[in-house]
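Each chain, letter by letter, is given below.
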Amino acid sequence: MVSETSDVQSFLAGQALFQHLSATALESVCDASYTAFSKSGNTLEFPQSSGDDLPGMVIVRSGSLEIRDNNGELIDRLSEGDFLIPYSLREVGGDNFCVTVLEDCLYYELSGNAFQSLYNVDIYFAYLCDSHSVQFKAEGESLPLRRPQAVRESFLDQRVEAFMASPAITADPSITIREAAKLMKENNISSLLLIKNGKLEGIITDRDLRTRVLAEGVADSRAVASVMTAEPFSIQKDAVLHQAQLKMMSSNIHHLPVVDGAIPVGLIGLSDIVRANNIEPVSLTGSIKHANSVAVLREISKQFPELVATLVERDTRAVDVGEIITSLTDGITKRLIQLAQLKFGQAPGNFSWLAFGSQARQEQVLGSDQDNALIIENGLLSEHADFFRNLAEFVNEGLDQCGVKRCPGDIMASNSKWRMELNDWKTCFANWIEQPSPKALMHASIFFDMRSITGAPELAQALRESVLEKARKNTIFLALMCNNSLENSPPLGFFKTFVLEKDGDHKSELDLKKRGTIPIVDIARNYSLSAGLQEVTTVERLKAIDASGLMSNALASSLIDALEFIAGIRLESQGNQYRSGNTVDNYLDPRSLSPLMRHQLKDAFHLVRKAQAAMKARFGGGVL
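Residues numbered from 1 in each chain as written. Predicted model: local features only at pLDDT ≥ 70, side-chain atom pairs only at ≥ 80, totals over all residues. Heavy atoms only, no water.

Trainee: Just checking my understanding: could you explain the overall build of the protein chain for this structure?
Mentor: Tallying secondary structure elements over the protein chain gives 24 helices and 19 strands in all. Counting only residues that meet the buried cut, the protein chain has 51% of its 624 residues in that class. Accessible surface, the protein chain as shown: approximately 28,100 Å² in total, 48% of it carbon and sulfur. (Helix = DSSP H or I, 4+ residues; strand = E, 2+ residues; numbered from the N terminus. Buried < 20%, exposed > 50% of the residue type's maximum accessible area, 1.4 Å probe, protein only. Areas by Shrake-Rupley, 256 points an atom, 1.4 Å probe, with all protein chains shown as cover.)

Listed below in structure tokens is the structure:
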């Protein structure tokens, strides 16, 4: 039995066949798996009779295998992550195939019973296994693939270009094998497209380097053209995923060059297709990294509401959901900046893309808008103003297309006011702190929550340290910040009844953002500024405030609980709005809550009101 279950589980979780399984299902697979090892040159033998001794599946962990028919013709070569299904070999005549170990091989055997159980209940797993088995059938014979209608409708009809890796890494076929291997290593890719005069001439893969070069003793000084797969299969970028999948399965290949006409534009693999059916955060993050245009990012972002609704239905903590949504927005921002530099050229010097507000605090929800800016190293902006303007406008427009709406107050990097060199930023914050006006206080409530998304983090850190040093010493500024934040009071009346919106589209509803979570965010920010704390997320700030002795442990812990509770109700409401096809916003009719939930919500608001009173007493300083 496998002893290092966590290691096996971690490995399987990264494989195409098992990526979509829950942790519980993966654990069951691990429990039903055995680890085996075979030396180079050995032959893997499988029982010819039916029964429990025949493993359901063999998954290669390291090393390599090859499968040949009784004529010695190569059927398949397997390496890390690849699999074979002994039943498929035996079904078509096990004696006709020979499985030989090419390199010392560590592999996992999934028991026959476990394989059959998973095959019976997991239609996607079954579909991939059936697709794999097609290659062992005689020409013209096919398996009745169990491709589920739901699977087909949900992702296999999507376009290849949305999931391919692009731009493709390419080279001339005349380079040496060693140069090709070096290029693959530098770009962390397993396949390299060989291009001549703009047209696809061939492809070389990790597997080719092992089996055609190392195994055959070919000198690495020879041209890569001598060992590449010439005139490889390819697929048009506007083809649908199931066409790409079937082409790879039927051709026994794992990667497919993607072309636009005859011009190579990318590469797609089986794992990309599995990823397309998986809206888990990790999968979406991978898709974002591979996106080659704003249009593709926009398509990916359309899956975010479904992800949030699913996370809410799984009872995921609101804090965790906020971090997940923010990580996706961060990923889109980084990818847009990369795309912008592909379009406008590399940045002429150091800069940092700053996020403010909820993105900085990692507390975004559906519908959060943009708050961002650029810090540019001193002495760079005047000469390269056009580059940074183009970069900012590209990213802000891209974020807007991806559902992160433009800031109504124009606090975005595309606004020249918020593209400054480091020294100018320091001066700007110093003015807000030393000469606070109502507008400066409004900006401060947004800008003091800052985080570097990409670029040179030292620029953001230098600004942060400067701001914290000035803010913590200025009691008048802190008092005004406190007074400003008290304008967002919890919606409770004198007799602890809800105070509802009086008019407009949300009459008789609660604003769970402005009146619910924002007051807690403001409290945490004001205390943090007073102590010069570096933390940015509200929960981490409250923990640091507690640790520093600025607030009692009981109050800090209760505020964290209140934030989690109110944010959870807000998220659940948004999930219900999305499922119902309604506009997703921050409003809630309290009548939709159970009596117990209404009671708890009132208690949470009451606690926030008490915390605001404590903040006023601490920072008022005679100014209020």
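Trainee: When you look at helix α2 (residues 23-31) in this model, what are you seeing that I'm missing?
Mentor: One turn of an α-helix holds 3.6 residues; hence residues three or four places apart share an orientation. When we look at burial in α2, the residues that qualify are Leu-26, Val-29 and Cys-30. For α2, the angular spread of the buried residues around the axis is 100 degrees, confining them to a single face. (Arc of directions from axis to C-beta.)

Trainee: Is there a simple way to explain the sheet that holds strand β11 (residues 235-236) in this structure?
Mentor: To summarise the sheet geometry, strands pair through backbone hydrogen bonds and adopt either a parallel or an antiparallel arrangement. Pairing within the open sheet is mixed, and its 3 strands lie in the order β11-β12-β13. With partners counted over all chains shown, the strands left at the sheet margins are β11 and β13 (263-269), one partner each. Direction of pairing for strand β12 (residues 255-260) relative to β13: antiparallel, over a ladder of 6 bridges. Its bridge partner being in β13, Asp-260 is matched across the sheet by Ile-263. (Pairing = 2+ DSSP bridges.)

Trainee: Would you mind going over the packing of helix α22 (residues 538-548) against helix α23 (residues 553-579) with me for this structure?
Mentor: Angle between the axes and distance between the axes: these two values describe a pair of packed helices. Between α22 and α23, the least distance of the axes is 9 Å, while the angle of their chain directions is 170 degrees. Between α22 and α23, the angle is such that the two are roughly antiparallel. Between α22, through Thr-538, Val-539, Leu-542, Lys-543 and Asp-546, and α23, the contact on the second element is made entirely by Asn-553, Ala-556, Leu-559, Ile-560 and Leu-563. Split by residue class, the contact of α22 with α23 holds 6 nonpolar, 2 polar and 2 charged. (Axes fitted to C-alpha atoms, helices over the stretch in contact; angles between N-to-C directions. Parallel < 35°, antiparallel > 145°, perpendicular 65-115°, else oblique. Contact = heavy atoms within 4.5 Å. Nonpolar A, V, L, I, M, F, W, Y, C, P; charged D, E, K, R; others polar.)

Trainee: Hey, could you run me through the sheet that holds strand β7 (residues 170-171) in this one?
Mentor: Reading across the sheet, the 4 strands line up as β7-β8-β9-β10 and stay open at both edges, with mixed pairing between neighbours. With partners counted over all chains shown, the strands left at the sheet margins are β7 and β10 (229-230), one partner each. As paired strands, strand β9 (residues 199-205) and β10 are joined by 2 bridges and run antiparallel to one another. Among the inter-strand pairings, Gly-202 is bridged to a residue of β10, identified as Ala-230. The strands touched by helix α7 (residues 177-186) are β7, β8 (191-196) and β9; relative to β8, the strand with the most contacts, the crossing angle is about 125 degrees. Sheet strands in contact with helix α8 (residues 206-214) are β9 and β10, and its direction is about 70 degrees off that of β9.

Trainee: How do you make sense of the packing of aromatic side chains when you look at a structure like this?
Mentor: Two measures describe an aromatic ring pair: the distance that separates the ring centres and the angle between the ring planes. Inspection of every chain in the model, using the stated rule, returns 19 aromatic pairs. Of the aromatic side chains, those joined through ring pairs into one cluster are Phe-356, Trp-418, Trp-425, Phe-429, Trp-432, Phe-447, Phe-448 and Phe-477. (Phe/Tyr/Trp six-rings, centres within 6.5 Å; stacked < 30°, edge-to-face > 60°.)

Trainee: I'm lost on the packing of helix α21 (residues 513-531) against α23 in this one. Help?
Mentor: Where α21 meets α23, the axes come as close as 10 Å, and the angle between the chain directions of the two elements is 150 degrees. When the axis of α21 is compared with that of α23, the two are roughly antiparallel. As α21 packs across α23, the resulting crossing turns out to be left-handed. Contact with α21, carried on its side by Lys-513, Gly-516, Thr-517, Ile-520 and Ile-523, involves Leu-559, Ala-562, Leu-563, Ile-566, Ala-567 and Arg-570 of α23 and no other residues of that element. Split by residue class, the contact of α21 with α23 holds 7 nonpolar, 2 polar and 2 charged. (Left-handed = near helix turned anticlockwise from the far one by under 90°.)

Trainee: What is the right way to read the pairing of β13 from this model?
Mentor: On a regular strand, each side chain points to the face opposite its neighbour's, so the side chains alternate between the two faces of the sheet. Burial analysis of β13 places 5 of its 7 residues in the buried class, the great majority of the element. In textbook terms, the turn of a hairpin is the stretch between consecutive antiparallel strands, and for β12 and β13 this stretch comprises 2 residues, one of which, Gly-261, has a positive phi near 75 degrees.

Trainee: What is the right way to look at the environment of Met-184 in this model?
Mentor: Structurally, Met-184 can be placed in helix α7. Using a relative accessible area of 3% as the deciding quantity, one classes Met-184 as buried. The sequence separation of Met-184 and Ile-204 amounts to 20 residues, and the corresponding C-alpha distance is 9.6 Å. Among residues more than four places away in sequence, those in contact with Met-184 are Ile-189, Ser-190, Ser-191, Leu-192, Ile-204, Thr-205, Asp-206 and Leu-209.

Trainee: Help me understand unusual backbone geometry, please; the structure alone is not making it clear to me.
Mentor: The bulk of non-glycine residues show a negative phi, and the bulk of peptide bonds are trans. Backbone geometry at Glu-231 places phi at a positive 45 degrees, although glycine is not the residue there. Position of Glu-231 among the secondary structure elements: in the loop between β10 and β11. The backbone of Asp-410 shows a phi angle near 60 degrees, a positive value even though the residue is not glycine. Take Asp-410: it is sitting in the loop between α16 (385-401) and β16 (419-421). The exposure class of Asp-410 is partly exposed, given its relative accessible area of 32%.

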